[in-house]
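# Descriptive analysis of the structure
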Amino acid sequence: MLQKFPAFAGVPGPVVVIVMDGYGIPKHDVGSAIDAARKPTLDRLFAQYPNIRLRAHGTAVGMPSDDDMGNSEVGHNAIGAGQVYAQGAALVANAIAEGAIWQGGAWKEIVAGAKAGRGVLHFIGLFSDGNVHSHIDHLKAMVVQAKAEGVKTVRIHALLDGRDVPETSALEYVAPFEAFLRDISTGGFDARIASGGGRQYITMDRYDANWPMVERGWHTHVLGEGPQFANATEAVHGLRERNPGTIDQDLPEFVIADNGKPIGTIEDGDSVVFYNFRGDRAIEITRAFVEEHFTEFDRVRTPRVTYAGMLQYDGDLQLPKRFLVAPPAIKDTSAEWFSKSGLAQFACSETQKFGHVTYFWNGNRSNKFEGETWQEVPSDVVPFEQRPWMKAAEITDAMIAALQSGQYKVLRCNYANGDMVGHTGNFRAATMAIEAVDLALSRLLPAIDAAGGVALITADHGNADEMFELDKKTKQPAQNKDGSFKAKTAHTLNPVPLILYDNVSGGRLGLAQTDTAGLSSIAATVANLLGLQKHEKWDDSVLTVK
Ligand SMILES: O=C(O)[C@@H](CO)OP(=O)(O)O
Ligand SMILES: [Mn+2]
Ligand SMILES: [Mn+2]
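Bear in mind the structure is a predicted one, so any value in this text is a computation, not a measurement.

### Some words on the overall build of the chain
Scanning the chain for helices and strands turns up 17 helices and 17 strands. Considering only C-alpha atoms, the chain reaches an extent of 75 × 55 × 40 Å along its principal axes. Looking at the chain as a whole, 58% of its 546 residues are labelled buried. Summarising the internal contacts of the chain: among those between residues at least 6 apart in sequence, 78% fall at separations of at least 24.

Here it is in structure tokens:
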């Protein structure tokens, strides 16, 4: 049990944490869909309620450097755990720098597995330096090491990004990498990109939102089915010609073939490394490779392979069993300790962010703690610029019902809009996304008042706050040749707000802006609002009490 907090007995009603995914505090008003949005509720909150800025990127959320933007995994881990752990990006980079990864049993089995079969090692993963799901430098190091250890053939299945990096930057990664592979393919070693496609079109679905994406990925990588090209550079050019205006993340699949024969189908006895370190978009394809009885789609042919994830993606399900680097051991999360303190908790989001408020929140674990209720609102399967309101209204309905039930003392939800629509690069839709969240808040907050509760309104990282690429030199929005601004689809480095919506303490409660205030300050702040002290492992609360 958490101890009583002497300074404050706790609010009479529930404490609600509202995460506005992808809502950063903009530095530039040009290109900020948040500034452009009409948002009377948020404007009123910023004007009338205590609010501070929280660090949500870089080392404040366990990323290797402060040049790394935040993302949902590290953000929700930090919010839920109240602690900052060195995250996958940092753990893998260190394991490679120190060579520990090559000493691990999993890497040895991957190499031995490939050598015992046809000598083929496949790498599947996100092909960029975004450092949200993966980093291309990790892939490069593994290819070099595989050659050094006598693997004969490497085949890479490259998921084009354009979501964590500029929207049409694929060739900046593909062309130099193909040159590198050509250079290293000497002395009987043969390494090539064998297949690929846009990350939002094949393979990298999450939270069971769109299994046909994964099925397309399987057909591409494993079975070698799809439009054929001579190499990946030509594939990107060719797919762009055939799909004008389509940005990298949405490009269709491609297969590299010699004389009509795919060069990289996955066969019995091969080894396969899925080299993303982040789990949400790695779990479904991993299941397709490792599950004996698999019913999500017809695999047609199921090669017997030695499979490893870069990390273990789900600690409860042990998925996958073989992994190259141990994931952060996230312990003593807020949900665990609120549960041990006998508090009933409610978590809600739509499919696209459901795992964020459950699995990431609870330290990459798919099991509930006692007293937790999770509610998923099914997401639409559409390009979200076409429906920027997404499921904000339905999430709000579910939250209001949970509040009215009187059953829950701690509630949390995530509104996906600012992020998912921000990733489309569509400025007008992103302003509507923020307006949808504002409207949702205007309905949710009165229900919190009626329950005698308070809310902490925050975000996990920025996105809609910068919808244009900034020129690297001038730091001003970059322009296309025709004078239009270059759309930006990635997250930002901006801080996020923390607003304390409190109509119950009579002005006793406030928030302290400290230099270290970050997403990991939220768990302790929630505890204090509940009249409890923080767990000793959690970072300090930012609540002030008069
Ligand atoms: O869509 C995703 O996978 C990432 C961006 O790569 O966004 P978020 O971290 O907000 O989930
Ligand atoms: Mn997010
Ligand atoms: Mn995002």
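Following the structure, the description resumes.
### A look at the domain arrangement of the chain
Its domain assignment divides the chain into domain 1 (15-86 + 330-411 + 418-501 + 508-516 + 529-545) and domain 2 (89-309). On a C-alpha basis, the centres of domain 1 and domain 2 stand 31 Å from each other. Listed per partner, the contact involves 20 residues of domain 1 and 20 residues of domain 2. Examining the composition of the side of domain 1 that touches domain 2, we find that four residues originate from one element, helix 13 (residues 351-360), more than from any other. When grouped by side-chain class, the residues that make up the side of domain 1 that touches domain 2 number seven nonpolar, 10 polar and three charged.

### Points about unusual backbone geometry
For the bond from Leu319 to Pro320, the omega torsion is -10°, close enough to zero to count as cis. Among the structural elements, Pro320 can be located in the loop between strand 10 (306-309) and helix 12 (334-340). Residue Tyr207 is not a glycine yet carries a positive backbone phi of 55°. One can find Tyr207 in the loop between strand 5 (190-198) and helix 9 (211-221). Of the residues examined, Tyr207 has 21 C-beta atoms within 10 Å and is grouped as buried.

### Examining the UniProt feature "domain: Metalloenzyme" (unreviewed entry) in the chain
Here the UniProt feature "domain: Metalloenzyme" (unreviewed entry) sits at residues 14-534. Here residues 14-534 is 34% helix and 16% strand, with 17 Å between the C-alpha atoms at its ends.

### Examining the sheet that holds strand 12 (residues 372-377)
Pairing is mixed across the open sheet formed by seven strands, whose spatial order is 2-15-14-1-13-11-12. With one partner strand each, in any of the chains shown, strand 2 (51-54) and strand 12 form the two edges of the open sheet. Strand-to-strand twist across the sheet, computed as the mean angle between neighbouring axes with direction ignored, equals 15°. Where strand 1 (residues 15-20) meets strand 13 (residues 410-415), six bridges bridge the pair, whose relative direction is parallel. Opposite Met20, over in strand 13, you have Tyr415 as the bridge partner. Along the sheet face, helix 14 (residues 392-405) touches strand 11 (345-350), strand 12 and strand 13 and points at about 175° away from the line of strand 13.

### Focus on the UniProt feature "domain: BPG-independent PGAM N-terminal" (unreviewed entry) in the chain
UniProt records the feature "domain: BPG-independent PGAM N-terminal" (unreviewed entry) at residues 93-314, using the numbering of this structure. From the first C-alpha to the last, residues 93-314 spans 20 Å; its make-up is 36% helix and 18% strand.

### Structural notes on the pairing of strand 1
Where burial is concerned, most of strand 1 is hidden: six out of the six residues are buried. Side chains Val15, Val17 and Val19 of strand 1 all project onto a buried face; the interleaved residues Val16, Ile18 and Met20 project onto the opposite face, where all are buried too. Here five bridges tie strand 1 to strand 14 (residues 454-458), and the two strands are oriented parallel to one another. By the bridge assignment for strand 14, Val15 is matched with Val454.

### Notes on the site of ligand 1
In the vicinity of ligand 1, the contacting residues are Asp21, Asn71, Ser72, Val132, His133, Arg163, Asp164, Arg281 and Asp419. The residue makeup of the shell around ligand 1, split by class, is one nonpolar, three polar and five charged. A domain split of the shell around ligand 1 shows at least three residues from each of domain 1 (15-86 + 330-411 + 418-501 + 508-516 + 529-545) and domain 2 (89-309).

### Description of the confidence of the model for the chain
When pLDDT is averaged along the chain, the result is 97, and 100% of the positions lie at 70 or above. Both scores are given for the predicted complex: the pTM is 0.97, the ipTM 0.99.

### Notes on the packing of helix 8 (residues 170-184) against helix 10 (residues 232-242)
As a packed pair, helix 8 and helix 10 sit with axes 8 Å apart at the nearest point and diverge in direction by 155°. On the basis of their axis angle, the class for helix 8 and helix 10 is roughly antiparallel. Between helix 8 and helix 10, the contacting residues are Ala170, Leu171, Val174, Ala175 and Glu178 on the first element and Ala232, Thr233 and Val236 on the second. Here the contact of helix 8 with helix 10 is composed, by residue class, of six nonpolar, one polar and one charged.

### Describing helix 6 (residues 105-116)
Over its 12 residues, helix 6 runs 16 Å from end to end, which matches the ideal 16 Å to within 8%, given 1.5 Å per residue. Among all positions of helix 6, only Ala106, Trp107, Ile110, Val111, Gly113 and Ala114 are buried. Along the axis of helix 6, the buried positions cluster into a sector of 160°, meaning they face one direction only. When the buried face of helix 6 is taken as reference, the exposed residues oriented beyond 90 degrees from it are Gly105, Lys108 and Ala116. Among the structural elements, helix 5 (100-103), strand 3 (120-126), helix 7 (136-148), strand 9 (271-274) and strand 10 are those in contact with the buried residues of helix 6.

### With respect to the environment of Ala308
When you line up the elements, Ala308 lands in strand 10. Taking C-alpha positions, Ala308 is 6.7 Å from Leu324, a pair spaced 16 residues apart along the chain.

### Here we look at the packing of helix 9 against helix 11 (residues 283-290)
At a minimum axis distance of 10 Å, the contact between helix 9 and helix 11 shows a crossing angle of 55°. It follows that helix 9 is oblique to helix 11 by the angle criterion. Every pair of crossing elements has a handedness; the one defined by helix 9 and helix 11 is right-handed. Note on element contacts: helix 11 touches helix 9 through Glu284, Ile285 and Ala288, opposite Trp211, Val214, Gly217 and Trp218. The residue inventory of the contact of helix 9 with helix 11, partitioned by class, reads five nonpolar, one polar and one charged.

### With respect to the environment of Ala393
Within the secondary structure, Ala393 sits in helix 14. For the pair Ala393 and Ala440, spaced 47 residues apart in the sequence, the C-alpha separation amounts to 6.0 Å.

What counts, and at which threshold
- Each chain carries its own residue numbering, running from 1 in the direction its sequence is written.
- In the order they appear in the text, chains get letters beginning with A and ligands get numbers beginning with 1.
- Given that this is a predicted model, residues contribute local features only at a pLDDT of at least 70 and side-chain atom pairs are listed and counted only at 80 or more, while totals for whole chains, interfaces and linings are drawn from all residues.
- Numbering of helices and strands runs from the N terminus, with a helix taken as a DSSP run of H or I at least four residues long and a strand as a DSSP run of E at least two residues long.
- Buried residues are those with 20 or more other C-beta atoms within 10 Å of their own C-beta, exposed residues have 12 or fewer, and partly exposed residues lie in between; C-beta atoms are placed from the backbone.
- Our contact criterion uses C-beta atoms placed from the backbone: two residues qualify when those atoms are within 7 Å.
- How far each domain reaches was decided by an automatic or database domain assignment.
- Three classes are used: nonpolar for Ala, Val, Leu, Ile, Met, Phe, Trp, Tyr, Cys and Pro, charged for Asp, Glu, Lys and Arg, and polar for all others, with Gly counted as polar.
- UniProt positions are given in the numbering used here, feature names are shortened, and annotations may be inferred rather than shown by experiment.
- Here, a strand pair is defined by DSSP locating no fewer than two bridges between the strands.
- Between the N-to-C directions of two axes lies an angle of 0 to 180 degrees, each axis being a line fitted to C-alpha atoms and, for a helix, fitted only over the stretch in contact.
- Here is the check we use: build the C-beta atom from the backbone, and if it is within 6 Å of the molecule or strand, call the residue near.
- Confidence per residue, as judged by the predictor, is encoded in pLDDT with a range of 0 to 100.
- For classification purposes, an angle smaller than 35 degrees is called roughly parallel, one larger than 145 roughly antiparallel, one from 65 to 115 roughly perpendicular, and anything else oblique.
- Expected helix span is given by 1.5 Å per residue-to-residue step, counting one fewer step than there are residues.
- The arc under discussion is defined with respect to the helix axis, by the directions toward the C-beta atoms.
- Rotating anticlockwise by less than a right angle from the far helix to the near helix defines a left-handed crossing, while the corresponding clockwise rotation defines a right-handed one.

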